[in-house]
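# Per-entry structural report
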Amino acid sequence: MSGITDLQQLLKSMAPELKDGEFVFCTVEGDLSQYVGLSPISTFQEQEGLTLVLGKDNADKAGLAYEGTFRMITLTVHSSLEAVGLTAAVASKLAERGISANVIAAYYHDHVFVQSAKATEALEALHSFSS
């Protein structure tokens, strides 16, 4: 099942959904196997350390440091990993309202992490693509 590549079709049909819970971005030392029990929803190995994206509650229980809390908006359209412009369009729309967009592209969907306090406004902004 291949994803959609046409930008206009993606924007009109992306149906953004605000997911429950707050998420944080943490950086840790060591191997991913040490942190699997925290149920990270995403990880990325950088030269400086391992980035974990995980629920705020799990980070707090583990005593991990983080700088802010985020809500996740999932763009429910099946976007192709080769689609051009979706991330730019989403980031630009949110930037117009002073909202940062931390985007993680997975196989089926893109997931946008926005500051918790601005999540409702971000969702409204993204819904404007389909109106």
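Just above, that's the structure.
Below: a short report on this structure. Small disclaimer: the values here were computed from a predicted structure and weren't measured.

Rules and cut-offs
- Residues numbered from 1 in each chain as written.
- Predicted model: local features only at pLDDT ≥ 70, side-chain atom pairs only at ≥ 80, totals over all residues.
- Heavy atoms only, no water.
- Buried < 20%, exposed > 50% of the residue type's maximum accessible area, 1.4 Å probe, protein only.
- Helix = DSSP H or I, 4+ residues; strand = E, 2+ residues; numbered from the N terminus.
- Arc of directions from axis to C-beta.
- Contact = heavy atoms within 4.5 Å.
- Patch = residues over 30% accessible without salt bridge, like charges linked within 9 Å, V, L, I, M, F, W, Y side chains within 5 Å.
- Areas by Shrake-Rupley, 256 points an atom, 1.4 Å probe, with all protein chains shown as cover.
- Salt bridge = Lys/Arg side-chain N within 4 Å of Asp/Glu carboxyl O.
- Axes fitted to C-alpha atoms, helices over the stretch in contact; angles between N-to-C directions.
- Parallel < 35°, antiparallel > 145°, perpendicular 65-115°, else oblique.
- Left-handed = near helix turned anticlockwise from the far one by under 90°.
- Phe/Tyr/Trp six-rings, centres within 6.5 Å; stacked < 30°, edge-to-face > 60°.

### Observations concerning helix α4 (residues 119-127)
Listed as buried for α4 are Ala119, Ala122, Leu123, Ala125 and Leu126. Seen end-on, α4 carries its buried residues on one side only, within an arc spanning 160°. On its buried side, α4 packs onto β1 (17-18), β5 (70-75), α3 (86-95) and β7 (110-115).

### Observations concerning a nonpolar patch on the surface
A cluster of nonpolar side chains, namely Leu81, Tyr107 and Tyr108, defines an oily patch on the protein surface of about 370 Å² accessible area. Mapped onto the secondary structure, Tyr108 falls in the loop between β6 (102-105) and β7. Tyr108 sits in the partly exposed class, given a relative accessible area of 44%.

### Comments concerning α3
Of the positions making up α3, those classed as buried are Leu86, Ala89, Val90 and Leu94. Looking down the long axis of α3, one finds its buried residues gathered within 125° of arc, a one-sided arrangement. Structurally, α3 contributes buried residues whose contacts are with α1 (7-13), β5, β7 and α4.

### Topic: the packing of α3 against α4
It is at 9 Å that the axes of α3 and α4 come closest, and there the two elements cross at 125°. Classified by the angle their axes make, α3 and α4 are oblique. The interaxial crossing formed by α3 with α4 has right-handed handedness. Between α3 and α4, the contacting residues are Val90, Lys93 and Leu94 on the first element and Ala122, Ala125 and Leu126 on the second.

### Some details on the packing of aromatic side chains
One pair of aromatic rings is described through two measures. These are the centre distance and the angle between the planes. Tallied over the full model, the rule gives 4 aromatic pairs. Between Phe23 and Phe113, the aromatic rings sit 5.9 Å apart at their centres with planes inclined by 85°, giving edge-to-face as the arrangement. In this pair, Phe23 is assigned in strand β2 (residues 23-28) and Phe113 in strand β7, connecting sequence segments 90 residues apart. For the pair Phe23 and Phe113, a shared accessibility class is recorded, and that class is buried. The interplanar angle of 80° and the centroid separation of 5.4 Å between the aromatic rings of Phe25 and Phe70 together place this pair among those described as edge-to-face.

In short, shape yes, function no, at least from these values alone.
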